[in-house]
Amino acid sequence: MFSLDKTITVIKRELKDKLLSKTFVLMTLLLPIFMFGILGFQTFLLTQESDEGTIIELVSENEEVLNNIQKVFQERTFIQNGYYKVGYSQKDKDQLQSFLEEKRADLLSDKLTAIIFVPNSALENKDVEYYSKNPNNRTVFDKLRDMINNALVETYFEDKNFSQEEIEFAGMRVGFNTFRVSTDKDAEEEGVGNLIAAFLFTFLLYFSLIFLGTMMMRAVLEEKTSKIVEVLLSSCSSKDLMTGKILGTGITGVIQMFIWLLPVIVVITTSVFTLPQDFNLKISMGMIGYFLINYFIGLLTFLGLFATVGAIFDNDQDAQSGIWPIMMLIMIPFFIAITSQNNPDSALIKISSFVPFSSIIVMPARMTLVEVPLWQLLAAVVINIATFFGIFMLAGKIYRVGILRTGKKPSWSEVVKWFKYQY
Amino acid sequence: MIALEVKNLTKTFDKIVAVDNASFEVPEGSIFGLIGRNGAGKTTTIRMMMNIYIPDSGEVLLRGNKVDHTFKDNVGYLPEERGLYKKSKVMDILLYFAELKGKKGKDIHKKAEEYLERFELLDRKNSKIEDLSKGNQQKVQFISTILHDPEFIILDEPFSGLDPINTNLLKEIILDLKKQGKVIIFSTHLMDFAERMCDHITMIDHGKIILKGKLTEIKSKYSQENISLNYEGDISFLNSHPLVDKIEDFGNTTGIRIKDASKTQELLKLLVDNKVKVKRFDANDISLHEIFISLAGKVEGEQLTAGVANV
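Criteria and cut-off values
- Residues numbered from 1 in each chain as written.
- Chains lettered and ligands numbered in written order.
- Predicted model: local features only at pLDDT ≥ 70, side-chain atom pairs only at ≥ 80, totals over all residues.
- Heavy atoms only, no water.
- pLDDT = per-residue confidence, 0-100.
- Contact = heavy atoms within 4.5 Å.
- Buried < 20%, exposed > 50% of the residue type's maximum accessible area, 1.4 Å probe, protein only.
- Helix = DSSP H or I, 4+ residues; strand = E, 2+ residues; numbered from the N terminus.
- Arc of directions from axis to C-beta.
- Pairing = 2+ DSSP bridges.
- Axes fitted to C-alpha atoms, helices over the stretch in contact; angles between N-to-C directions.
- Buried area = accessible area lost by both parts, 1.4 Å probe.
- Salt bridge = Lys/Arg side-chain N within 4 Å of Asp/Glu carboxyl O.
- Polar contact = N/O pair within 3.5 Å; in protein donor to acceptor, adjacent residues only side chain to side chain.
- Nonpolar A, V, L, I, M, F, W, Y, C, P; charged D, E, K, R; others polar.

Q: Give me the confidence of the model for chain B: which residues, what numbers.
A: Residue and element names in this part refer to chain B. Mean pLDDT over chain B stands at 85; residues scoring 70 or higher make up 95%. Taken together, the stretch residues 299–307 has pLDDT below 50 and engages in nine contacts with residues farther than four places along the chain or on a different chain. The ipTM, which scores confidence in the relative placement of chains, is 0.78 for this predicted complex, and the corresponding pTM is 0.75.

Written out as structure tokens, the structure reads:
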């Protein structure tokens, strides 16, 4: 009973209705602004140094250590310009106790941020003590850690007859310069560009699947409750209608996604914008193409599910409670994909990039972070297409029964019975 | 000539029999009424006729051939609860529904404008549906039902919510369509409306067809056993009289159903003998409503043994 003409008519209407709608235009424009807004806001928060006016009493048991710390500290601009105010004193452990008592009120009233005590034992184990109302101040630790380390190293090696260079080397931290190894290129130095891209892909998938899915559910619900569906079904079959709606929305989604990815495409294909070395993107047009195809298949699958939920229920409230299983199918892979940034080669990531539904969200993130063999990419597509057809058949059966049903909220067991209905 | 033949249709939902072995014929060029109260099975029957539901058993024949999905292009359906996209513009929705029926292009556009003009809606053609009054929305819905020039027009309670002027306008158009040879099928629970518009009817109750045939023939058959009476006095003695089958008070008139159609004169004599002042005694009139009550009332208690009353 499938009629191509009618399906195309429905697709055309969906496209016209969606592409020209205010919501679509707004969403398409606002999402990037929103995302960059968040990024910008985060950067703003980070640069907004909240540790200005930090006052520290640095207490050392050892005079030499104290002098070295003082020397290292005073080379730094943030100490020189009074950004941090540091007082230095030499005290032993007993004196420290009375000093702490004396300063307790200041510490509690924020007149003093912290007292740092460097005991003699620090020259053996590099453990220092930090006394503060807020003992988890990472900003302060990160600023002072290397400096105290350097002072300790200097003191330790001072009478051991090492050159200044050797001492400096001992005080250095290990830095990881990351290189991506892939089959077709020489090892290339890699920045955080792909990490950001993976996050971007994951977020865009998550967001638009839920956004378009909910929109689809509402549209089906509207047709059902307003009885438009009765008129529509007197003209075409439920299969024509569902196929048309899903394809129409699916095409809209891909167009929208393409618009969102335009900046990325421009960056990787032209030299209009050059990113700083650290943000260098290792993404090919092939990957963008794969991403869009993967998105299209995934979107169709989820739209089928959301349309079914819209057809089962006859009011928004009941439908909201009915979509949580589908939401889980989007949210769990989303979180898996987010963690993939820690170790994209973990077994969890590998497996979930082939599991139906989760593959749609996880595979693009994985592909962006590590090189995935072509056969695996293709296998994921095949699995997703198979899932789509499976879902489409099941959804079609529920849809055609549900869409004409009104009255009390059906139970899941009733819905299962609908499969057997001959409508 | 039979245009549509419904043969032994049965449809069950979750053990509830919505339509039970229903058979009837819709003659060519007729205004056909499918009558029954709410929940009797009218909509389910219509949905099976339009191939929206697949019947559990039975079939629908269009001029001798089984209906298939192409039949949908030939039907215009006005559902009882109107459905239009609220945010769409009048013209857009008319063209969309017509295109779904396989009709598009300039001609349809022109025709849509003609209908809009006839319904005094041409100036609203670019308005959104939600900005129209309820009556105007119904007019748009009706236009969408007939715009693609279908051969069969199925109207479910078409006049509900229309004011008298628009009701007349709609009637005019329906009669016009009948003149053009279209088959018009009404589904309604309003008996007196069906009585005025339809030439053939089928009554359905609890999923079963309880009466079908040409309206005039049905009426003449049932009227012979029915007398409508206006009187002054006391007729309670008739309640258990062997001549009388049933007495029904319709307010203004009383309907008396006698067991034997040839005993009309005896009843009149009985009334006169008992000093009842007879103001009107009509042995040749019965409303569809009365027929329905007399038939469906029976079904209520026990199974209707006579089966389909065929006229």
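Q: A description of helix α7 (residues 215–225) of chain B should follow, citing residues and the corresponding values.
A: When we look at burial in α7(B), the residues that qualify are Leu215(B), Ile218(B), Tyr222(B) and Ser223(B). Along the axis of α7(B), the buried residues cluster in a sector spanning 120°; they form a single face.

Q: I'd like a description of the sheet that holds strand β11 (residues 226–232) of chain B, backed by residues and values.
A: All names here are of chain B. Spatially, four strands are ordered β12-β13-β11-β14 in an open sheet, and the strand pairing comes out antiparallel. Looking at strand neighbours, the two that pair on one side only are β12 (244–249) and β14 (277–282), the edges of this open sheet. Shown here is a sheet whose adjacent strand axes are inclined to one another by a mean of 25°, direction ignored. In the sheet, β12 pairs with strand β13 (residues 254–258) via five bridges, with the strands oriented antiparallel. Opposite Asp249, over in β13, you have Thr254 as the bridge partner. Contacting β11, β12, β13 and β14, helix α8 (residues 264–273) crosses the sheet at an angle of about 165° to β14.

Q: Hey, could you go over the sheet that holds strand β1 (residues 54–60) of chain A for me, with residue numbers and the actual values?
A: Residues and elements named next belong to chain A. An order of β2-β1-β3-β4 is seen for the four strands of this open sheet, with the pairing classed as mixed. Strand pairing shows two members of the sheet lacking a second neighbour, β2 (84–90) and β4 (129–132), which therefore form its edges. Pairs of neighbouring strands in the sheet enclose a mean axial angle of 20°, with direction left out of account. Against the sheet, helix α3 (residues 63–74) contacts β1, β2 and β3 (114–118), and its axis sits at roughly 165° relative to β2. Sitting on the sheet, helix α7 (residues 138–157) is in contact with β1, β2, β3 and β4, with an inclination near 40° to β2.

Q: If you had to explain the interface of chain B and chain A to someone new, which residues and values would you point to?
A: On the chain A side, the residues contacting the 30 residues of chain B number 26 residues. Interface area for chain B against chain A, summed over the two sides, is near 2900 Å², with a carbon-plus-sulfur share of 54%. For the chain B face of the interface with chain A, the top three residues by lost area are Tyr85(B), Tyr96(B) and Leu100(B), together amounting to 23%. At the boundary of chain B with chain A, the tally comes to four salt bridges. As a salt-bridge pair, Lys16(A) and Asp92(B) come within 3.8 Å of each other at their nearest N and O atoms. Applying the counting rule to chain B against chain A returns ten residue pairs in polar contact (both at pLDDT 80 or more). Those elements that provide at least two residues to the side of chain B that touches chain A are β1 (2–13) and α2 (90–100) of chain B. Broken down by class, the residue content of the side of chain B that touches chain A amounts to 13 nonpolar, five polar and twelve charged.

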